Each structure stands twice: as structure tokens, then as C-alpha cells.
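Residues per chain, in single letters:
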Amino acid sequence: MTTGTKTHCPYCGLQCAMTVTAAGVVGAREFPTNRGGLCHKGWTSAALLRHPERITTPLVRSEGELRPTTWDSALNAVADGIRRAQNAGGRDAVAVFGSGGLTNEKAYQLGKFARVALGTANIDYNGRFCMSSAAAAGTAAFGVDRGLPFPVSDLTGAGAVMLWGANVAETMPPLAGHFTGRLIVADPRRTPTAQRALDGGGLHLQLAPGTDLALALGLMHVAVLDGFIDREYVQRRTVGFEEAWLSAAHWWPERAERVTGVPVDQMRRAVEMLWDARQSDAGSYILTARGAEQHATGTDTVAAVIGLALTLGLPGRRGSGYGCLTGQGNGQGGREHGLKADQLPGYRKITDPAAREHVAAVWGVDPAELPGPGLSAYTLLDALGRPAGPRALLVHGANPAVSAPRAGHVAERLAALDLLVVCDFVLSETAAMADVVLPVLQWAEEEGTMTNLEGRVLRRRRAVEPPAGARGELWVLAELARRLGRTGFASEPVEVFDELRRASAGGPADYAGVSYARLDAGEALHWPCPDETHPGTPRLFLDRFATPNGRARFAAVAHRGPAEVPDAQYPLTATTGRVLTHYQSGAQTRRVPELAEAAGGMFVQVHPDIARQAGLVDGDAAAVVSRRGTVRAAVRCDDTMRLDTVFLPFHFPGAGRANLITNPALDPRSSMPEFKACAVRLEPT
Ligand SMILES: Nc1nc2c(c(=O)[nH]1)N[C@H]1C(S)=C(S)[C@@H](COP(=O)(O)OP(=O)(O)OC[C@H]3O[C@@H](n4cnc5c(=O)[nH]c(N)nc54)[C@H](O)[C@@H]3O)O[C@H]1N2
Ligand SMILES: Nc1nc2c(c(=O)[nH]1)N[C@H]1C(S)=C(S)[C@@H](COP(=O)(O)OP(=O)(O)OC[C@H]3O[C@@H](n4cnc5c(=O)[nH]c(N)nc54)[C@H](O)[C@@H]3O)O[C@H]1N2
Ligand code: SF4
Ligand SMILES: [Mo]
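Residues numbered from 1 in each chain as written. Chains lettered and ligands numbered in written order. Predicted model: local features only at pLDDT ≥ 70, side-chain atom pairs only at ≥ 80, totals over all residues. Heavy atoms only, no water.

Enquirer: Which parts of the structure should I look at to understand the site of ligand 3?
Expert: With respect to spatial proximity, the complete set of residues near ligand 3 consists of C9, Y11, C12, Q15, C16, L38, C39, K41, G42, P173 and P174. Of the residues belonging to the shell around ligand 3, the class tally is 8 nonpolar, 2 polar and 1 charged. (Near = heavy atom within 4 Å. Nonpolar A, V, L, I, M, F, W, Y, C, P; charged D, E, K, R; others polar.)

In C-alpha cells, the structure reads:
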């Protein structure tokens, strides 16, 4: 028998089901997504609940030092600082930076707080750095953005799965267990996921970073010319094939091989595997993640991958499909409730008069009072403390001093603020720079909901008593709103959720029919769920896509390659990503001794020949230098690496921050920075 409270892991978007006892002991729990499994991070997640570095007292900077104080004086200091910034620079002088790690209730309330209590246009969030390119491409192609438009269990035992820039063996291990058919992995590195593909008779397409668009067009070319195209589906369920083909037609496989490094023969076999599995009952899926998406061409790249999927006739078919693997715990919900600069709850557009009217009515304000679209994440961070930019910033659930691109510059912008307020439960690198730090509750101490990578709404439950001193984030927002002269901010999660339901009603991400009561009764509810009798929508698009005419749209896109190309001074391409035992900026997992030990320190993964050319051997201390900065890392030689590529994890602080070198070139449609490719050189230190 399981003991403890049923809840879900605090970390990634798979949201594995677990139990937590009152003493903080984690157990795994049977659930369709994780099937009783947890990864190393999940098993150790309770270690932060009663951690010596946990902050439980508000901190306010005085004489250069963060010093403990009372909630009242900390909140007053924040309210005073906000008013000063507003007096000096107007409403938009106060900005908010949110997170895909926040519960639905917090995400919704933070969006409302920004627009109503602060009246600022400037709110965005770390999800901009995560799945924004896939969201933009998915919305354009299908009319709505839900990462997986089908439940994870549909993937179980599929005949072929193509993982495009996704290292699930390290980033979502229990998900990887669903893939028992052929795997096709597009990744510049021989990751554990790529190795698993090879071991199972699948393929590793070891492309050069940032050449995914060319590969996708090349694969579409092969599909069309080798007859692996579902013409009936393309004609009946899509529009725009002819225009898309005009670009793919130029990408004959030999040309794609020259650009990507993927042999023609592997391209043919990949397409054939996907087609054969689709034709049989086994089913065929294409999934993208950050490797394909975190580029200045991310949106077009995903559009090209979707074009391939549409050519093969996968989306909107039972047992086959396309999806994006959402990353953060509430990466899905976080992108629906108004944390984005251009968005209102229910995945509505802030520029749409009908959306403004609906949401303003729920909020009890005049639609004219609602601000318009604000600055997107990197642009916002870059504007901090500049003459016309924000002077005050509130951060909820992110650590941009480590995780934002060109982090050295971002840290300078943060330092230029008049007021930096960080809500967190540990002193992250960003919190350490703050003027005020507000200690909030952690996952196992609070109630709420999260929406997992398949659009299913899950209950997060209080399992342990919170430490005295820490407060819920909803309470913090309500208290700040009150000090700013605004009422109408509930602090009970269920009340906020019920308001969220009304605000989302009728929008693309409709939660109106989801309730705590239904979730607590064990119902599996995927949005949209428009009323209390509606069973939810585990599978979207089976009859029609969410576009006005019901058809999916091909996009005509051209390959451009990374914004920064290697040259004599910076001859290598650096890409970045994750390791199994750390999470994101590492603020949480670096404090869990077991995980920190397993991961070791900052490293650069490089082919031994390339290391040798730089005068380095395995274990040496190296400097990885780009036009924006230098990161210190231990050399980790790996003879499966491409000769033109090095890899760095972004989980480490200080001089080991991978983002000291990354390029903030932005995708023109999603504003996603190019985390996955920049030109560097390697040097001994
Ligand atoms: N252990 C762990 N798990 C996590 C997280 C974590 O921090 N740690 N974070 C969660 C979050 S928020 C996210 S977004 C997901 C991310 O999950 P993933 O997308 O799987 O993670 P990444 O390591 O960022 O990138 C995946 C792969 O992309 C490859 N790659 C790099 N450049 C390119 C390229 O140009 N093209 C292609 N095709 N591939 C490329 C990298 O080599 C890497 O192996 O993970 C979630 N799960
Ligand atoms: N070079 C490079 N950089 C990247 C990426 C990459 O692949 N390469 N990936 C990008 C991606 S996909 C992502 S998602 C971002 C993530 O990067 P960040 O936005 O920095 O995410 P985290 O490290 O998860 O930061 C979360 C912080 O919030 C705190 N926290 C957790 N839960 C809560 C909560 O409920 N409330 C509050 N107030 N605080 C909370 C944690 O303690 C931690 O300090 O990084 C991006 N940066
Ligand atoms: S895979 Fe993700 S949700 Fe599952 S235990 Fe690991 S970090 Fe937690
Ligand atoms: Mo992410």
C-alpha cells in the first residue's frame, strides 16, 4: 500500500507521479506517463524541503548586505520601490519575469498582478527560452499549441519515433521507457538517447548544430521523391503543400548531406522507417525538443519538421503524430495563462479586443486599462536599467543570471536596476543580486495544479508542513496588490483556479470544466475542457485541426544556418544543454549533495583530436571563448563527438556559466535566443 500524499515531481514537464510522506519521504507512483518510474532528480527532490540553505526569512539589502527582516517591512520596501519606479518612469518601468515552473494558479495570478496591480505591459517569462519556437510553429500549422496533442501512453511501443534534438534518456528518463520500437535521433552528439537508438536497430543522424532546417527539407524531399507521401491526406487535411515543396525541392539529399553531414543513405532509411511504421499498425511519431528549437531559426525549423510530418501524414491520426516535448514542470500551463508579453489567460492574444473585454470583465476592470504587449524575455532583460527601460524587476521562479543568453551582460543589466525583487526558496545567483528576497513555499508544501507535457491538468498537493517564515506566492501577490491599492487577489489556490477557469473559458486553452473536485476524484482531464460534463480532450485534431478551415498549414521556409558561423578566430561551434542529474540553472539540484556529486563540475565535451590541437588532454582546465565571453570548464574527451562541435551544460554558476558565451540572436517570430549554436575557440588556462 502506498503511504503519503499523492502529488507530482517538482522538476520537469513529465510531472512524474509520486507520493510524499509528512516526513518528506518520496515514493514513486503508478501513472500513465511515468509508469511507476522516477529519475535521480525525482527520487532526491525532497532534499531541498529541509535544507540548511533554505531561506525562510525575508531579506532586504542594507549597506550592501542582504539582511533578515519581517514580512511587513520587506513587502513595504517592495511597494515603496515599485511606486518610486513608477513615479520616475511610468507604469512600464516595473517589469515581471515569471516561470514555467510556477503552478497554473501562480502563473495566472502573476499575469493578472502585472496587468492590474502594476499596470505594466512588461511581463514575460523563462518559457520564452524554452518552447516558444515550437509554440509559434505549432500555432501557425495547427491553430493551437499543445506540446503533445495526444497522451504519452499513445507513444508506448510505437513502431518508429524520431527524436529531434531531444535527449530524453537524460532529460525525461521515464518517458524514454515508452519507446520500444525503432528510434531515430537527430543530435550532434552521441547522447545516451542516440546510443539507445543505435542499440535498438534505429539511427543516429549526427548533424552539425543548427542545420536541422536543411535536414528537415532534405527528408521531405526524399519522402516526396521516394513516394513516402500520403497524397490523399495532404490533399484532404492540409493546405500549402505546393509552396512548401518549392523550398524542399531544392534540398535534394546530396545537398542536405553537404550542409548537415548526415549521409544520404541514413536520410533515406529514416524516412522509410517512419513511413513503414505509419503504414503498419505500429505507428510513427516525430517529436522535437530544444536541440531543434533553440535557434534564431527555431520557428522555421519546427515548421519544416512539421512539414515532414504532414507529408508523411502523421498529425491528427490515431496512433501517429507530431509533438513538442515541453520542458519545465508547468511549461505547458505556463504558456497559457498570461505570463507571455503578448497574452491573456486561455491562450488569448492581448491585442484582440474580444479577448481584452472577456478577461477585463473577469478581473473587474475597464478593458481600456489593460496594457498592450510588452517586451519579450531577452529584450526585456537587455532593457533593464536603461534610460527608457524598466527600473524595477520582480522575478518569480527563474534564475536568469545563469540561464539567460549572454549571461554576463544580463547580470550587468540586473545590477543596473533600482529595485530587484526575487521570490525563491534558495538564494539563487539572481536572488543573491536582489534588493529584496521573499522566501516562498516549495512544491510539497502547497496546493495547486500543473499541466503536464500532454496537456493534462494534475494536482499538486501539500504533503509536508512548510517551515515557519516562508509564505505562499499567492499570498505575497495579494499582499503586494493590497499595498498598491488593489483588491481582488485571492490567496487560496482553489479560489484562484476557479477564477482562472472563468478567465480561460472560451479561449483556445479552455479550463472551464476542470475543477479541483474532478481532479481529486481521479479524472484524467486534458484541455480543452469547456464545461463540467466535458470529458476533456486527450487527443486533438483527429477530425479537424484548430485552424479556421480545419486544415493543417504547411509553411514555405528556407534554411539559413546559425547566426554566427565559425571562422579562423572562433573555429568551433559550441552547443549547450543538459545532463541527467542537474536541473536548469542548477539552483536547486546543485544543493542536493547526491546530485552534485554525480554530476561533477562544469565540463566541455570535445573530440580528443580537437582538444589536442588546442594543447589540451582529458581533465585539463580549459577556457571556451566566444565573442561575448569566456567560460571555464574541464575538458571531457569523447571520440564520438563531431570534429567541429563542443558541448557545454548550462547548470553551473560563476565562471562556469555556459551562457557567458552564448549568442542572444533571436528568432524573429518567437524571440527564442540561439542557445544551441555559437562560434568559439578552445584554449588552455
Ligand atoms: N536532467 C534534466 N532534465 C530536464 C531539464 C534539466 O535541466 N535537466 N530541464 C527540463 C527542461 S526545462 C527542458 S526544456 C527539457 C529539455 O530537454 P532536451 O531538449 O532533451 O535537452 P537539451 O539537453 O537542452 O537538448 C537536447 C539535445 O539537443 C542536442 N542539440 C544541440 N544542438 C543541436 C542542434 O543544433 N540540432 C539538434 N537536432 N540537436 C541539438 C544536444 O546535444 C542535446 O543532446 O528537459 C527537461 N528535463
Ligand atoms: N545555454 C543554455 N541556456 C538555457 C537553456 C539551454 O538549453 N542552454 N535552456 C533554457 C530553458 S529550456 C529553460 S526552461 C531555462 C530555465 O532556466 P531558469 O529560468 O533559470 O530555471 P530554473 O533554474 O529552474 O530556475 C528556477 C528558480 O526558481 C526557483 N523556484 C522553483 N519553483 C519556484 C516557485 O514555485 N516559485 C518561485 N518563486 N521560485 C521557484 C528555483 O529555486 C530556482 O532558483 O533556461 C534556459 N537557458
Ligand atoms: S523525469 Fe522529470 S518529472 Fe520525472 S522524476 Fe525526473 S525530473 Fe521528475
Ligand atoms: Mo525548458
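Enquirer: For this particular structure, what's the right way to read the site of ligand 1?
Expert: In the vicinity of ligand 1 there are 34 residues, among which D187, D212, R578, H582 and Q584 approach most closely. In this structure, R290 approaches ligand 1 through a main-chain N or O atom, which is 3.0 Å from an oxygen atom. Separating an oxygen atom of ligand 1 from a backbone N or O atom of Q584 is a distance of 2.6 Å. Protein contact buries 99% of the 900 Å² of open area that ligand 1 shows by itself. Structurally, ligand 1 is housed in the second largest cavity. Mapped onto the shell around ligand 1, the elements with two or more residues apiece are α5 (168-171), α13 (290-293) and β22 (572-577). Along the lines of polarity and charge, the residues of the shell around ligand 1 split into 12 nonpolar, 14 polar and 8 charged. Both domains that furnish three or more residues to the shell around ligand 1 are identified here as domain 3 (132-325) and domain 4 (572-684). (Polar contact = N/O pair within 3.5 Å; in protein donor to acceptor, adjacent residues only side chain to side chain. Areas by Shrake-Rupley, 256 points an atom, 1.4 Å probe, with all protein chains shown as cover. 1 Å grid on protein atoms, 1.4 Å probe; cavity = no way out; pocket = protein on both sides within 12 Å on 5 of 7 lines; lining within 4 Å. Sits in = over half its atoms within 2 Å of the grid points. Helix = DSSP H or I, 4+ residues; strand = E, 2+ residues; numbered from the N terminus. Domains from an automatic or database assignment.)

Enquirer: Teacher, can you tell me more about the pairing of strand β2 (residues 17-20) here?
Expert: Side-chain direction in a regular strand flips from residue to residue, so the side chains alternate between the two faces of the sheet. Of the two faces of β2, the one holding A17 and T19 and the one holding M18 and V20 are both buried throughout. Relative to β2, strand β1 (residues 5-8) runs antiparallel, the two sharing 4 bridges. Each residue of the ladder has a partner; that of K6, found in β2, is T19. Taken together, the 3 bridges between β2 and strand β3 (residues 26-28) define a ladder with antiparallel strand orientation. Its bridge partner being in β3, V20 is matched across the sheet by V26. (Buried < 20%, exposed > 50% of the residue type's maximum accessible area, 1.4 Å probe, protein only. Pairing = 2+ DSSP bridges.)

Enquirer: Got a minute to help me understand the layout of surface pockets in this structure?
Expert: Space left empty within the atom packing is revealed by a probe, the size of a water molecule, rolled over the atoms. Estimated volume of the largest pocket: approximately 570 Å³. Taken together, 21 residues make up the lining of the largest pocket; nearest its centre are T139, K340, D342, Y347 and K349. Within the residue set of the lining of the largest pocket, elements represented by two or more residues are α4 (132-142) and β15 (348-349). Counted by class, the lining of the largest pocket contains 7 nonpolar, 6 polar and 8 charged residues. Composition of the lining of the largest pocket by domain shows at least three residues from each of domain 2 (59-130 + 330-488) and domain 3 (132-325). Within this model, the second largest pocket holds a volume of roughly 320 Å³. If you go around the second largest pocket, you meet 18 residues; those closest to its centre are L441, E446, G472, S491 and P493. Of all the elements, helix α20 (residues 473-483) adds the most residues to the lining of the second largest pocket, at 3 residues. (Points joined across faces, edges and corners; volume = space filled by probe spheres on them.)

Enquirer: Sorry if this is basic, but what is going on with the domain arrangement of the protein chain here?
Expert: According to the domain assignment, the protein chain contains domain 1 (5-48), domain 2 (59-130 + 330-488), domain 3 (132-325) and domain 4 (572-684). Distance from the C-alpha centre of domain 2 to the C-alpha centre of domain 4: 29 Å. Contacts between domain 2 and domain 4 engage 21 residues on the former and 20 residues on the latter. Note on domain 2 versus domain 4: buried area summed over both sides is about 1,600 Å², and carbon and sulfur give 62% of it. Run the count over domain 2 and domain 4 and you get 1 salt bridge. Linking R590 and E429 is a salt bridge whose minimum nitrogen-to-oxygen distance equals 3.0 Å. The interface formed by domain 2 and domain 4 includes 11 residue pairs in polar contact (both at pLDDT 80 or more). (Contact = heavy atoms within 4.5 Å. Buried area = accessible area lost by both parts, 1.4 Å probe. Salt bridge = Lys/Arg side-chain N within 4 Å of Asp/Glu carboxyl O.)

Enquirer: What is the right way to read unusual backbone geometry from this model?
Expert: Omega for the peptide link from W527 to P528 comes to -5 degrees, which places this bond in the cis form. For P528, the location among the structural elements is in the loop between α22 (516-520) and β21 (552-553). Positive phi, close to 60 degrees, is recorded for Y347, a residue that is not glycine. Here Y347 lies in the loop between β14 (343-344) and β15. Classification of Y347 by relative accessible area gives buried; the value is 14%. With a phi close to 55 degrees, Q584 is a non-glycine residue in the positive phi region. If you trace the backbone, Q584 turns up in the loop between β22 and α23 (593-599).

Enquirer: I would appreciate a short explanation of helix α10 (residues 241-248) in the present structure.
Expert: Think of an α-helix as 3.6 residues a turn; residues three or four steps apart then line up on the same face. Among all positions of α10, only F241, A244, W245, S247 and A248 are buried. Axial view of α10: buried residues confined to an arc of 155 degrees, hence all on one face. Opposite the packed face of α10, turned more than 90 degrees from it, sit the exposed residues E242 and L246. Buried residues along α10 sit in contact with α8 (212-225), α9 (231-237), β11 (238-239) and α14 (298-311). (Arc of directions from axis to C-beta.)

Enquirer: Where do I start with helix α21 (residues 493-504) in this structure?
Expert: Its 12 residues give α21 an end-to-end C-alpha distance of 16 Å, which sits within 8% of 16 Å, the value for a rise of 1.5 Å per residue. Every buried residue of α21 is listed here: P493, V496, F497, E499, L500, R501, A503 and S504. Taken together, the buried residues of α21 touch α3 (104-118), β15, α16 (353-363), β19 (448-451), α20 and α22. (Expected span 1.5 Å × (residues − 1).)

Enquirer: Would you mind going over empty space enclosed by the protein with me for this structure?
Expert: Overall, the coordinates contain 6 cavities of 30 Å³ or more when judged by the stated rule. Roughly 710 Å³ of volume is contained in the largest cavity. Residue lining of the largest cavity: 40 residues in total, with S99, N126, Q328, G397 and Q588 positioned closest to the centre. Secondary-structure elements contributing two or more residues to the lining of the largest cavity are β17 (419-424) and β22. Split into classes, the residues belonging to the lining of the largest cavity amount to 16 nonpolar, 17 polar and 7 charged. Looking at the lining of the largest cavity, you find at least three residues from each of domain 2 (59-130 + 330-488) and domain 4 (572-684).

Enquirer: Help me understand the nonpolar core in this model?
Expert: Among soluble globular proteins, nonpolar side chains are generally buried collectively. The biggest cluster of nonpolar side chains holds 169 residues, and the ones touching the most others in it are F113, L163, W164, I286, L312 and L325. When residues in this core are grouped by element, the largest group, 10 residues, is from α8. For W164, the residues in contact, after removing those within four places along its chain, are A186, D212, L215, A216, L219, I286, L287, T288, A289, A292, V305 and L308. Formed by 25 residues, the second largest nonpolar core is a distinct cluster that contains L381, A398, L420 and A434. (Core = buried A, V, L, I, M, F, W, Y, C linked by side-chain atoms within 4.5 Å.)

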